[in-house]
Amino acid sequence: MEKLFDVIGLGELLIDFTLNGKSNQGNNLFEACPGGAPCNVLSILQKLGKKTAFIGKVGDDQFGKLLKETIEEVGIDSTHLMMDKDIPTTLAFVHTFPDGDRDFTFYRKPGADMMLRKEEISEEAIASSKIFHFGTLSMTDDCAREATWKAIKAAKDNDVIISLDPNLRPPLWSSLDFAKEQMLEAMEVCDILKISDNEIQFVTGEEDYDKGIEIIRKKFNTKLVCLTLGKDGSRAYYKDLRVEVPGFYQPNVVDTTGAGDTFCGCVLSYVIEHGLDNLTEENLKEMLTFANAGASLITTKKGAIRSMPEKAMIEELIEK
């Protein structure tokens, strides 16, 4: 089948409310930033010249309409974005600490993204993509979980590369045991796994990152695993290679929201250009360097979807 899209993503699309100073009366002001991990990934891919599409659901409300307009504005195909007339768009309030770390408060009981139904999944759209990308927030509840597994099956049946970013958000799961179970089931089917340092410790119980990754790779035979280490950079594990590249120091961090998604999108862009079968150590270093630089730049702005760096900006940072 002809590949119309480089990457099709499925999952949550929501509003991240981030603190943006105080009013004259001394009240906190919040900025409504369009977000949601899968669309953040698709957004950086668009900036890197790739063709993307999104499958998900938002409320048929002012926030849902804003989100639809936003992804269309950045070039993401919204044909498979559904609007729910009964359930509102999911909202997240992001509190950023002085060190750039974050805490989330979600308004999602329920939220429209949880209401995506398996009947709304276009197998044809997935088959016409090179990569299918998803996270595990679409697996917290029955309805969207069934839809996600239908999409995964469509990707498998059509030899579409499957990419996963677990994106652990503990408040959204009924229990952490259930979260771990779903994350491991998702890892079983992916070809590319992007995972953070705290997530690998969570799913394997191993403090040592390398040992944790080894457990996952032996169990699931994942082709490419990328481990993010925050400001310290990242590692790639591929065949018998382990490559580590330091991060880019950013003195003016504003908001780390979307840094991991930017990294992930840069990795997927590299895989689209170079394939997944014959990567060398040099390839992996080049891939991680570019992804680390992209992730570093996003932290200098608020929000994610509208804040993705241009390719030229990433290359300029690497040259410096």
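All values reported here derive from a predicted model rather than from experimental measurement.

Undergrad: Outline the sheet that holds strand S3 (residues 28–35), supporting the account with residue identities and numerical values.
TA: Strand pairing in a sheet relies on backbone hydrogen bonds, with the paired strands running either antiparallel or parallel. Overall, mixed pairing links the four strands, which are arranged S3-S2-S6-S7 in an open sheet. Two strands bound the open sheet, and with one partner strand each, they are S3 and strand S7 (102–107). Along the sheet, successive strands turn relative to each other by an average axial angle of 30 degrees, direction set aside. Relative to S7, strand S6 (residues 91–96) runs antiparallel, the two being bridged by six bridges. Across the sheet, Ala-92 pairs through a bridge with Phe-106, a residue of S7. Together, strand S2 (14–22), S3 and S6 form the strand contacts of helix H2 (residues 62–74), whose direction differs from that of S2 by roughly 100 degrees.

Undergrad: Tell me what's going on with the layout of surface pockets, and back it up with residues and numbers.
TA: Reported here for the second largest pocket is a volume of approximately 240 Å³. Along its surface, the second largest pocket is lined by 14 residues, and Tyr-270, Glu-273, Glu-286, Phe-290 and Lys-311 are the ones closest to its centre. Of all the elements in the fold, those that place two or more residues in the lining of the second largest pocket are helix H8 (259–274), helix H9 (281–298) and helix H10 (311–319).

Undergrad: Can you tell me about the packing of H9 against H10, naming the residues and giving the values?
TA: Where H9 meets H10, the axes come as close as 9 Å, and the angle between the chain directions of the two elements is 110 degrees. Considering the angle they form, H9 stands roughly perpendicular to H10. The segment H9 lies against H10, with Thr-289, Phe-290, Ala-293, Gly-294, Ser-296 and Leu-297 engaging Lys-311, Met-313, Ile-314, Glu-315, Leu-317 and Ile-318. When the residues that make up the contact of H9 with H10 are grouped by side-chain class, the tally is seven nonpolar, three polar and two charged.

Undergrad: Let's hear about the sheet that holds strand S1 (residues 5–10): which residues, and what values?
TA: One open sheet accounts for nine strands, arranged S5-S4-S1-S8-S9-S10-S11-S12-S13; its pairing is mixed. Each edge of the sheet is formed by a strand with only one pairing partner; in this case those strands are strand S5 (77–84) and strand S13 (241–245). Across the sheet, the axes of successive neighbouring strands diverge by a mean angle of 15 degrees, strand direction being ignored. Note: strand S4 (residues 52–59) against S5, six bridges, orientation parallel. Paired with Ala-53 across the strands is Asp-77, a residue of S5. Packed on one face of the sheet, H2 meets S4 and S5 and runs near 175 degrees to S5. Contacts between H8 and the sheet are confined to S1, strand S8 (129–134), strand S9 (161–164), strand S10 (192–196), strand S11 (224–228) and strand S12 (234–238), with S8 contributing the most and set at about 160 degrees to the helix.

Undergrad: Run through the packing of helix H6 (residues 197–204) against helix H7 (residues 209–220), naming residues and quoting values.
TA: Two elements in contact, H6 and H7, have axes separated by 9 Å at closest approach and are oriented at 60 degrees. It follows from the interaxial angle that H6 and H7 lie oblique. The two elements H6 and H7 meet at a crossing, and its hand is left-handed. Touching Asp-197, Ile-200, Gln-201, Val-203 and Thr-204 of H6 are Tyr-209, Gly-212, Ile-213, Ile-215 and Ile-216, all from H7. The class makeup of the residues in the contact of H6 with H7 is six nonpolar, three polar and one charged.

Undergrad: Could you give me a rundown of the pattern of salt bridges, with the residues and numbers involved?
TA: Here the structure, examined in full by the defined rule, presents 23 salt bridges. One salt bridge in this structure joins Lys-50 and Glu-273, with 2.7 Å as the shortest N-O distance. Of this pair, Lys-50 sits in the loop between helix H1 (37–47) and S4 while Glu-273 is found in helix H8, placing the two residues 223 residues apart along the sequence. Its relative accessible area of 8% is what places Lys-50 among the buried residues.

Undergrad: Describe the pairing of S3, with residues and values.
TA: Every other side chain in a regular strand lies on the same face of the sheet, so the side chains alternate between the two faces. In the sheet, S2 pairs with S3 via seven bridges, with the strands oriented antiparallel. Counted as the bridge partner of Lys-22 is Asn-28 from S3. Following S2, the chain reverses through five residues before pairing antiparallel with S3; Gly-26 in that reversal takes a positive phi of roughly 90 degrees.

Undergrad: Can you break down the packing of aromatic side chains residue by residue, with the values?
TA: Under the criterion given, the structure shown has seven aromatic pairs. Ring plane angle 70 degrees and centroid distance 5.7 Å describe the contact between Trp-173 and Phe-178, whose orientation is recorded as edge-to-face. Look at Trp-173 and you get buried, because its relative accessible area is 7%. Phe-178 sits in the buried class, given a relative accessible area of 19%. An aromatic cluster of three or more residues is present, and its members are Phe-17, Phe-30, Phe-63, Phe-93 and Tyr-107. Against the face of Phe-202 rests Lys-180, its NZ or CZ located 5.5 Å from the ring centre.

Undergrad: Now, about the side chain of Asn-167: what can you tell me, with residues and values included?
TA: Positionally, Asn-167 belongs in the loop between S9 and helix H5 (176–189). Those residues in contact with Asn-167, other than ones at most four positions away along the chain, are Glu-12, Ala-37, Leu-137 and Glu-199.

Procedures and definitions
- Residues numbered from 1 in each chain as written.
- Predicted model: local features only at pLDDT ≥ 70, side-chain atom pairs only at ≥ 80, totals over all residues.
- Heavy atoms only, no water.
- Pairing = 2+ DSSP bridges.
- Helix = DSSP H or I, 4+ residues; strand = E, 2+ residues; numbered from the N terminus.
- Axes fitted to C-alpha atoms, helices over the stretch in contact; angles between N-to-C directions.
- Contact = heavy atoms within 4.5 Å.
- 1 Å grid on protein atoms, 1.4 Å probe; cavity = no way out; pocket = protein on both sides within 12 Å on 5 of 7 lines; lining within 4 Å.
- Points joined across faces, edges and corners; volume = space filled by probe spheres on them.
- Parallel < 35°, antiparallel > 145°, perpendicular 65-115°, else oblique.
- Nonpolar A, V, L, I, M, F, W, Y, C, P; charged D, E, K, R; others polar.
- Left-handed = near helix turned anticlockwise from the far one by under 90°.
- Salt bridge = Lys/Arg side-chain N within 4 Å of Asp/Glu carboxyl O.
- Buried < 20%, exposed > 50% of the residue type's maximum accessible area, 1.4 Å probe, protein only.
- Phe/Tyr/Trp six-rings, centres within 6.5 Å; stacked < 30°, edge-to-face > 60°.
- Lys NZ or Arg CZ within 6 Å of the ring centre and 35° of its normal.

Shape descriptors only; they carry no functional weight alone.
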